[in-house]
Amino acid sequence: MALPLFIAAFITIAANYRPPIAWAQPIAWAQRTWKTGLKNIKRYHKIEDSSFKDSLASLQLSHSICQCVGAFIGDGCFNLYNNKLYHIEFAGDRRYDVQYYNELIIPTFKSVVPDLKPHIYSSYGKVNGVRIVFYSKDLFNFFKHGFGFVPGKKAHTIAIPDRIMQSKDELVRATIRGIFDTDGCVFIDKRKSYKLYYPRIALQTVSKDLYNQLVSYLSRHFSLYNTFNEKRQIYIIEIYGIN
(Lines give C-alpha, C1' and ligand atoms only; values in the text may rest on other atoms or scores of the structure.)
Protein backbone atom coordinates (compact mmCIF):
# COMPACT_ATOMS: atom_id res chain seq x y z
CA MET A 1 0.00 0.00 0.00
CA ALA A 2 1.43 3.40 -0.99
CA LEU A 3 2.33 5.83 1.79
CA PRO A 4 0.27 9.03 2.09
CA LEU A 5 1.92 11.89 0.25
CA PHE A 6 2.77 13.95 3.37
CA ILE A 7 4.46 10.95 5.09
CA ALA A 8 6.51 10.17 1.97
CA ALA A 9 7.54 13.82 1.77
CA PHE A 10 8.54 13.88 5.46
CA ILE A 11 10.71 10.74 5.10
CA THR A 12 12.44 12.22 2.04
CA ILE A 13 13.18 15.49 3.83
CA ALA A 14 14.39 13.74 6.98
CA ALA A 15 16.70 11.44 5.03
CA ASN A 16 18.34 14.33 3.24
CA TYR A 17 18.33 16.86 6.08
CA ARG A 18 21.60 18.51 7.03
CA PRO A 19 21.76 20.96 9.95
CA PRO A 20 22.75 24.55 9.25
CA ILE A 21 26.46 25.25 9.48
CA ALA A 22 25.84 27.29 12.62
CA TRP A 23 24.42 24.18 14.31
CA ALA A 24 26.95 21.70 12.99
CA GLN A 25 29.80 22.42 15.41
CA PRO A 26 27.70 22.37 18.63
CA ILE A 27 26.06 19.10 17.51
CA ALA A 28 29.41 17.51 16.68
CA TRP A 29 30.82 18.69 20.02
CA ALA A 30 27.83 17.20 21.88
CA GLN A 31 28.25 13.88 20.07
CA ARG A 32 31.97 13.73 20.89
CA THR A 33 31.33 14.67 24.53
CA TRP A 34 28.62 12.01 24.88
CA LYS A 35 30.84 9.31 23.36
CA THR A 36 33.79 10.32 25.55
CA GLY A 37 31.59 10.33 28.66
CA LEU A 38 30.22 6.90 27.79
CA LYS A 39 33.74 5.51 27.33
CA ASN A 40 34.79 6.99 30.68
CA ILE A 41 31.79 5.43 32.43
CA LYS A 42 32.56 2.02 30.92
CA ARG A 43 36.25 2.39 31.83
CA TYR A 44 35.31 3.33 35.40
CA HIS A 45 33.09 0.27 35.81
CA LYS A 46 35.79 -1.99 34.37
CA ILE A 47 38.30 -0.59 36.86
CA GLU A 48 35.75 -0.95 39.66
CA ASP A 49 34.97 -4.56 38.66
CA SER A 50 38.65 -5.37 38.40
CA SER A 51 39.32 -3.84 41.82
CA PHE A 52 36.51 -5.83 43.44
CA LYS A 53 37.62 -9.08 41.78
CA ASP A 54 41.16 -8.48 43.00
CA SER A 55 39.85 -7.92 46.52
CA LEU A 56 38.07 -11.29 46.41
CA ALA A 57 41.39 -13.09 46.00
CA SER A 58 42.62 -11.60 49.26
CA LEU A 59 39.27 -11.84 51.07
CA GLN A 60 39.81 -13.19 54.58
CA LEU A 61 37.67 -16.30 55.00
CA SER A 62 35.58 -16.40 58.17
CA HIS A 63 33.32 -18.90 59.88
CA SER A 64 30.19 -17.04 58.76
CA ILE A 65 31.35 -16.63 55.13
CA CYS A 66 32.12 -20.34 54.87
CA GLN A 67 28.84 -21.29 56.50
CA CYS A 68 27.01 -19.13 53.94
CA VAL A 69 28.99 -20.74 51.11
CA GLY A 70 27.85 -24.09 52.50
CA ALA A 71 24.26 -22.86 52.56
CA PHE A 72 24.67 -21.81 48.93
CA ILE A 73 25.95 -25.30 48.05
CA GLY A 74 22.91 -26.79 49.73
CA ASP A 75 20.08 -24.50 48.65
CA GLY A 76 21.43 -21.70 46.48
CA CYS A 77 21.81 -20.91 42.79
CA PHE A 78 23.03 -18.02 40.66
CA ASN A 79 22.97 -16.97 37.03
CA LEU A 80 23.33 -14.09 34.58
CA TYR A 81 20.31 -13.41 32.38
CA ASN A 82 20.43 -11.45 29.12
CA ASN A 83 23.99 -10.47 29.99
CA LYS A 84 22.72 -7.83 32.42
CA LEU A 85 20.54 -9.32 35.20
CA TYR A 86 22.67 -10.77 37.99
CA HIS A 87 20.55 -13.19 40.02
CA ILE A 88 21.55 -15.00 43.24
CA GLU A 89 18.89 -16.99 45.05
CA PHE A 90 18.34 -19.18 48.10
CA ALA A 91 15.20 -21.29 48.46
CA GLY A 92 13.79 -22.57 51.72
CA ASP A 93 10.84 -22.98 54.06
CA ARG A 94 9.22 -19.84 55.46
CA ARG A 95 8.60 -21.53 58.82
CA TYR A 96 12.24 -22.32 59.48
CA ASP A 97 14.54 -20.36 57.17
CA VAL A 98 13.57 -16.67 57.29
CA GLN A 99 15.30 -16.22 60.65
CA TYR A 100 18.37 -17.98 59.23
CA TYR A 101 18.39 -15.55 56.29
CA ASN A 102 17.97 -12.49 58.51
CA GLU A 103 20.53 -13.49 61.13
CA LEU A 104 23.24 -15.11 59.00
CA ILE A 105 22.89 -14.91 55.21
CA ILE A 106 22.00 -11.23 54.81
CA PRO A 107 24.45 -9.75 57.40
CA THR A 108 27.32 -11.91 56.13
CA PHE A 109 26.85 -10.97 52.49
CA LYS A 110 26.42 -7.31 53.43
CA SER A 111 29.82 -7.47 55.12
CA VAL A 112 31.23 -8.24 51.66
CA VAL A 113 28.86 -6.10 49.56
CA PRO A 114 27.64 -3.24 51.84
CA ASP A 115 24.97 -1.87 49.47
CA LEU A 116 23.36 -5.29 48.94
CA LYS A 117 19.53 -5.31 48.92
CA PRO A 118 17.75 -8.60 49.68
CA HIS A 119 14.33 -9.39 48.23
CA ILE A 120 12.18 -12.04 49.91
CA TYR A 121 9.42 -13.69 47.86
CA SER A 122 6.96 -16.51 48.31
CA SER A 123 7.67 -19.58 46.19
CA TYR A 124 5.06 -20.20 43.52
CA GLY A 125 3.03 -23.34 44.14
CA LYS A 126 4.49 -24.02 47.61
CA VAL A 127 2.46 -23.12 50.69
CA ASN A 128 5.47 -22.47 52.93
CA GLY A 129 8.06 -21.93 50.23
CA VAL A 130 10.22 -18.82 50.43
CA ARG A 131 12.98 -17.37 48.25
CA ILE A 132 15.56 -14.73 49.07
CA VAL A 133 16.96 -13.09 45.95
CA PHE A 134 19.87 -10.70 45.46
CA TYR A 135 20.28 -8.77 42.20
CA SER A 136 23.94 -7.93 42.53
CA LYS A 137 26.90 -8.07 40.17
CA ASP A 138 29.33 -7.93 43.09
CA LEU A 139 27.71 -10.87 44.88
CA PHE A 140 27.64 -12.74 41.56
CA ASN A 141 31.40 -12.16 41.26
CA PHE A 142 31.81 -13.20 44.90
CA PHE A 143 30.59 -16.70 44.03
CA LYS A 144 32.09 -16.91 40.54
CA HIS A 145 35.51 -15.35 40.99
CA GLY A 146 35.87 -15.66 44.76
CA PHE A 147 35.11 -19.38 44.95
CA GLY A 148 35.01 -20.67 41.37
CA PHE A 149 31.33 -21.60 41.22
CA VAL A 150 29.87 -21.90 37.72
CA PRO A 151 26.59 -20.05 37.00
CA GLY A 152 23.57 -22.15 36.05
CA LYS A 153 22.53 -25.65 37.05
CA LYS A 154 24.80 -27.04 39.73
CA ALA A 155 23.13 -30.08 41.32
CA HIS A 156 25.33 -32.72 39.65
CA THR A 157 28.60 -30.78 39.69
CA ILE A 158 28.63 -28.77 42.92
CA ALA A 159 31.51 -29.26 45.35
CA ILE A 160 33.17 -27.47 48.25
CA PRO A 161 35.67 -25.02 46.68
CA ASP A 162 39.36 -25.92 46.85
CA ARG A 163 39.97 -22.55 48.51
CA ILE A 164 38.01 -23.78 51.53
CA MET A 165 39.15 -27.41 51.47
CA GLN A 166 42.75 -26.20 51.59
CA SER A 167 42.11 -23.76 54.44
CA LYS A 168 41.76 -24.25 58.18
CA ASP A 169 39.84 -27.25 59.47
CA GLU A 170 37.36 -25.02 61.30
CA LEU A 171 36.41 -23.35 58.01
CA VAL A 172 35.79 -26.70 56.35
CA ARG A 173 33.53 -27.63 59.27
CA ALA A 174 31.68 -24.31 58.98
CA THR A 175 31.04 -24.98 55.29
CA ILE A 176 29.76 -28.49 55.99
CA ARG A 177 27.53 -27.03 58.68
CA GLY A 178 26.01 -24.68 56.10
CA ILE A 179 25.39 -27.60 53.73
CA PHE A 180 23.58 -29.57 56.43
CA ASP A 181 21.74 -26.43 57.62
CA THR A 182 20.03 -26.15 54.25
CA ASP A 183 20.05 -29.63 52.72
CA GLY A 184 20.38 -32.05 55.61
CA CYS A 185 17.85 -33.52 58.00
CA VAL A 186 17.65 -35.19 61.41
CA PHE A 187 15.39 -38.16 62.04
CA ILE A 188 14.81 -40.80 64.70
CA ASP A 189 15.16 -44.42 63.64
CA LYS A 190 12.38 -46.29 65.45
CA ARG A 191 13.01 -49.77 64.10
CA LYS A 192 12.36 -52.55 66.59
CA SER A 193 15.89 -53.90 66.16
CA TYR A 194 17.06 -51.00 68.35
CA LYS A 195 16.41 -51.07 72.08
CA LEU A 196 16.22 -47.28 72.09
CA TYR A 197 15.20 -44.82 69.42
CA TYR A 198 18.25 -44.09 67.30
CA PRO A 199 19.06 -40.55 66.03
CA ARG A 200 20.52 -40.07 62.56
CA ILE A 201 21.68 -37.02 60.63
CA ALA A 202 21.25 -37.50 56.89
CA LEU A 203 22.12 -35.81 53.62
CA GLN A 204 21.31 -36.75 50.04
CA THR A 205 23.02 -35.34 46.95
CA VAL A 206 23.34 -36.11 43.25
CA SER A 207 26.84 -34.61 43.13
CA LYS A 208 29.50 -37.32 43.24
CA ASP A 209 32.26 -34.80 43.95
CA LEU A 210 30.42 -33.33 46.94
CA TYR A 211 29.58 -36.83 48.20
CA ASN A 212 33.23 -37.90 48.06
CA GLN A 213 34.38 -34.74 49.84
CA LEU A 214 31.87 -35.17 52.65
CA VAL A 215 32.50 -38.89 53.12
CA SER A 216 36.27 -38.35 53.16
CA TYR A 217 36.05 -35.62 55.80
CA LEU A 218 33.18 -36.88 57.98
CA SER A 219 34.43 -40.47 58.16
CA ARG A 220 37.46 -39.19 60.11
CA HIS A 221 35.19 -37.90 62.86
CA PHE A 222 31.96 -39.92 62.79
CA SER A 223 30.51 -43.35 62.12
CA LEU A 224 28.90 -43.18 58.68
CA TYR A 225 26.51 -45.10 56.54
CA ASN A 226 27.04 -44.01 52.95
CA THR A 227 25.82 -45.50 49.70
CA PHE A 228 24.60 -44.79 46.17
CA ASN A 229 20.95 -45.57 45.48
CA GLU A 230 20.90 -46.96 41.93
CA LYS A 231 17.15 -46.69 41.55
CA ARG A 232 16.97 -43.03 42.58
CA GLN A 233 20.44 -42.14 41.26
CA ILE A 234 21.33 -40.34 44.44
CA TYR A 235 24.15 -40.47 47.00
CA ILE A 236 23.19 -40.93 50.66
CA ILE A 237 25.19 -40.09 53.78
CA GLU A 238 23.98 -40.82 57.31
CA ILE A 239 25.82 -39.95 60.50
CA TYR A 240 24.78 -42.23 63.31
CA GLY A 241 25.68 -42.75 66.95
CA ILE A 242 24.53 -41.49 70.30
CA ASN A 243 27.52 -39.16 70.83
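Only a predicted model underlies this, so the values are computations on that prediction, with no experimental measurement involved.

Applying the stated criterion across every chain yields a total of 4 salt bridges. The salt bridge partner of Arg131 is Glu89, with a shortest N-O separation of 3.1 Å. Note that Arg131 is positioned in strand 4 (residues 129-134) and Glu89 in strand 2 (residues 85-93), a separation of 42 residues in sequence. When its relative accessible area of 23% is taken as the criterion, Arg131 is described as partly exposed. For Arg200, the salt bridge goes to Glu238, with nearest N and O atoms at 3.2 Å. Taken together, the positions of Arg200 in strand 6 (residues 198-205) and Glu238 in strand 8 (residues 234-240) put the pair 38 residues apart, joining distant regions of the chain. With respect to class, Arg200 is no different from Glu238; both count as buried.

By definition, the strands of a sheet pair up through backbone hydrogen bonds, in either a parallel or an antiparallel sense. One open sheet accounts for 4 strands, arranged 5-6-8-7; its pairing is antiparallel. A single partner strand is all that each edge strand has here, and the edge strands are strand 5 (184-189) and strand 7 (223-229). For this sheet, the mean inter-axis angle between neighbouring strands, taken without regard to orientation, is 25°. In the packing of helix 7 (residues 169-183) onto the sheet, the strands contacted are strand 5, strand 6 and strand 8, and the crossing angle to strand 6 comes to about 95°.

Pairing in this open sheet of 4 strands is antiparallel, and the strands run 1-2-4-3 from one edge to the other. The open sheet has two free edges, formed respectively by strand 1 (76-81) and strand 3 (118-122), since each of these has just one partner strand. Each strand of the sheet is rotated relative to its neighbour by a mean of 25°, with strand direction disregarded. The sheet contact formed by strand 3 and strand 4 spans 5 bridges and is antiparallel. Bridge pairing links Tyr121 to Arg131 in strand 4. Most of the contacts of helix 4 (residues 94-112) go to strand 2, to which it runs at about 140°, and overall it touches strand 2, strand 3 and strand 4.

Turning to helix 5 (residues 137-147), its buried residues are Leu139, Phe140, Asn141, Phe142, Phe143, Gly146 and Phe147. Looking one or two residues past helix 5, Gly148 carries a phi angle of roughly 80°, positive in sign.

Here the focus is the pairing of strand 2. With 6 bridges joining them, strand 1 and strand 2 adopt antiparallel strand pairing. Directly across from Leu80, in strand 2, lies its bridge partner Tyr86. Once strand 1 ends, the chain turns through 3 residues before running back antiparallel as strand 2, passing Asn82 with a positive phi of about 55°. Direction of pairing for strand 2 relative to strand 4: antiparallel, over a ladder of 6 bridges. Across the sheet, residue Glu89 finds its bridge partner in strand 4, namely Val133.

About the cut-offs
Residues numbered from 1 in each chain as written. Predicted model: local features only at pLDDT ≥ 70, side-chain atom pairs only at ≥ 80, totals over all residues. Heavy atoms only, no water. Salt bridge = Lys/Arg side-chain N within 4 Å of Asp/Glu carboxyl O. Helix = DSSP H or I, 4+ residues; strand = E, 2+ residues; numbered from the N terminus. Buried < 20%, exposed > 50% of the residue type's maximum accessible area, 1.4 Å probe, protein only. Pairing = 2+ DSSP bridges. Axes fitted to C-alpha atoms, helices over the stretch in contact; angles between N-to-C directions. Contact = heavy atoms within 4.5 Å.

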